[in-house]
Amino acid sequence: MHDFTPLSGLAGGALIGLAAALLMLLTGRIAGVTGIVGGLLQPDTADRTSDHSWRIAFIAGLIAAPLIAALFGAPLPRPAMNASLVVIAIAGLLVGFGTRMGNGCTSGHGVCGFARLSGRSIVATFIFMTAAVVTVAIVRHGIGG
Amino acid sequence: MRFLASFLCGLIFGAGLLISGMTDPRKVLGFLDLFGAWDATLAFVMAGAVAVAASGFAIARRRTAPAFSARFLWPDRNDIDAPLVGGAILFGIGWGLAGICPGPALVNLAGLSLPIVVFVVAMLAGMIGQNLFGKNLWRRRTMAPRGVDTASLPSRADG
């Protein structure tokens, strides 16, 4: 193993869980990033006007987190990525299309779905985890690992 | 109040992603790479997040309404249908290619690096494309016989 950071992982994870718990307790919503962003892009949402402000606020909070950290000296996140821009664009399309089609991503299905013990979300999480593991195995090690 | 609460939740969520290291695609791919130098951190992130979220949800279940809204919008579906499976497969492939999922993509947007901007634009295009075409195609093929369409109910989404 390299770069294994279980303590900061647990602490950061706990904050993610706290955010999901608070969003439900305060606004009654599931903290699923796909659903929150996707709801803004949906042309036929019935509750559009009353609904948009909390979604924009949550997204603004996500983007503000590293900006506030930068005020205290943390570098802005500019992650190194090995994939070419074409592959990154394809990946982005697949992530956007797939998460909307499957009604959720790592936060909605993975964190909130597991926390609710939702069979749907647990199945979805195992499927996208497996698909991702297989994809990485093919990209990094060639077909067949 | 709801706006401020939602902003604070996004802020805490983003801080959690940063502290856990999950905004770094190398750490995410390190977890997904079972056949390489495996980095188990993501499992600890999930464990911490699920434990705290489940505790908070248990408190919420005992209440009649959230603090700043009329009602709790719990997802109410438990069927496992083809879009769930197909969407999860497509998402997983994209996640494995780049090591980025929607939450970390938005947090990383603050750094305005070219790969992240490309990823987020493509992701939004994918979401819009699915909204415009995916559901219609699907509905025409498999959901047309159903009399009741509940698509506009917000609680229908899982996340």
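Use the structure listed above.
Residues numbered from 1 in each chain as written. Chains lettered and ligands numbered in written order. Predicted model: local features only at pLDDT ≥ 70, side-chain atom pairs only at ≥ 80, totals over all residues.

Let's shift gears to the overall build of chain B. Across its full length, chain B holds 6 helices and 0 strands. Ordered by position from N to C terminus, the α and β elements of chain B give α-α-α-α-α-α. Within the span of chain B, comprising 159 residues, buried residues form 50% of the whole. For chain B, the proportion of contacts with a sequence separation of at least 24, taken over those separated by at least 6, is 51%. (Helix = DSSP H or I, 4+ residues; strand = E, 2+ residues; numbered from the N terminus. Buried ≥ 20, exposed ≤ 12 C-beta atoms within 10 Å, placed from the backbone. Contact = placed C-beta atoms within 7 Å.)

Our next topic: the environment of Asn-131 of chain B. Mapped onto the secondary structure, Asn-131 of chain B falls in helix H6 (residues 114-143). Separated by 34 residues in sequence, Asn-131 of chain B and Leu-97 of chain B have C-alpha atoms that sit 23 Å apart. Not counting residues up to four positions away in its chain, the partners in contact with Asn-131 of chain B are Leu-41, Gln-42, Pro-43 and Arg-100 of chain A.

Here the focus is the interface of chain A and chain B. Every contact between the two is made by 115 residues of chain A and, on the other side, 111 residues of chain B. Listing elements by their share of the side of chain A that touches chain B, those giving two or more residues are helix H1 (6-27), helix H2 (33-41), helix H3 (48-71), helix H4 (85-101), helix H5 (106-115) and helix H6 (119-141) of chain A. Among the elements that make up the side of chain A that touches chain B, the one with the highest residue count is H1 of chain A (21 residues). For the side of chain A that touches chain B, the residue count by class is 69 nonpolar, 37 polar and 9 charged. (Nonpolar A, V, L, I, M, F, W, Y, C, P; charged D, E, K, R; others polar.)

Here the focus is the nonpolar core. For soluble globular proteins, nonpolar side chains are generally found buried alongside one another. Ranked by internal contacts, the top residues of the largest apolar core, which has 88 residues, are Ala-19 and Ala-20 of chain A together with Ala-53 and Phe-119 of chain B. With 12 residues, the single largest contributor to this core is H1 of chain A. Three or more residues apiece are contributed to this core by two domains, here domain 1 (1-76) and domain 2 (77-145) of chain B. In contact with Phe-119 of chain B, other than residues within four places in its own chain, are Ile-88, Ala-91 and Gly-92 of chain A together with Ala-98, Ile-100 and Ala-105 of chain B. (Core = buried A, V, L, I, M, F, W, Y, C linked by C-beta atoms within 7 Å. Domains from an automatic or database assignment.)

Moving on: the environment of Pro-102 of chain B. Residues and elements named next belong to chain B. Positionally, Pro-102 belongs in helix H5 (residues 102-108). A count of 33 C-beta atoms within 10 Å places Pro-102 in the buried class. Considered as a pair, Pro-102 and Asp-79 are 23 residues apart in the sequence and their alpha carbons are 24 Å apart.

Next up on the list: helix H3 (residues 41-61) of chain B. Counting along an α-helix, one turn takes 3.6 residues, and residues three or four places apart therefore face a common direction. The end-to-end C-alpha separation of H3 of chain B is 30 Å, in line with the 30 Å expected for 21 residues at 1.5 Å each. What H3 of chain B keeps buried is the set Thr-41, Leu-42, Phe-44, Val-45, Met-46, Gly-48, Ala-49, Val-50, Val-52, Ala-53, Gly-56 and Phe-57 of chain B. In this structure, the buried side of H3 of chain B is in contact with H1 and H5 of chain A together with helix H1 (2-20) and helix H2 (25-32) of chain B. (Expected span 1.5 Å × (residues − 1).)

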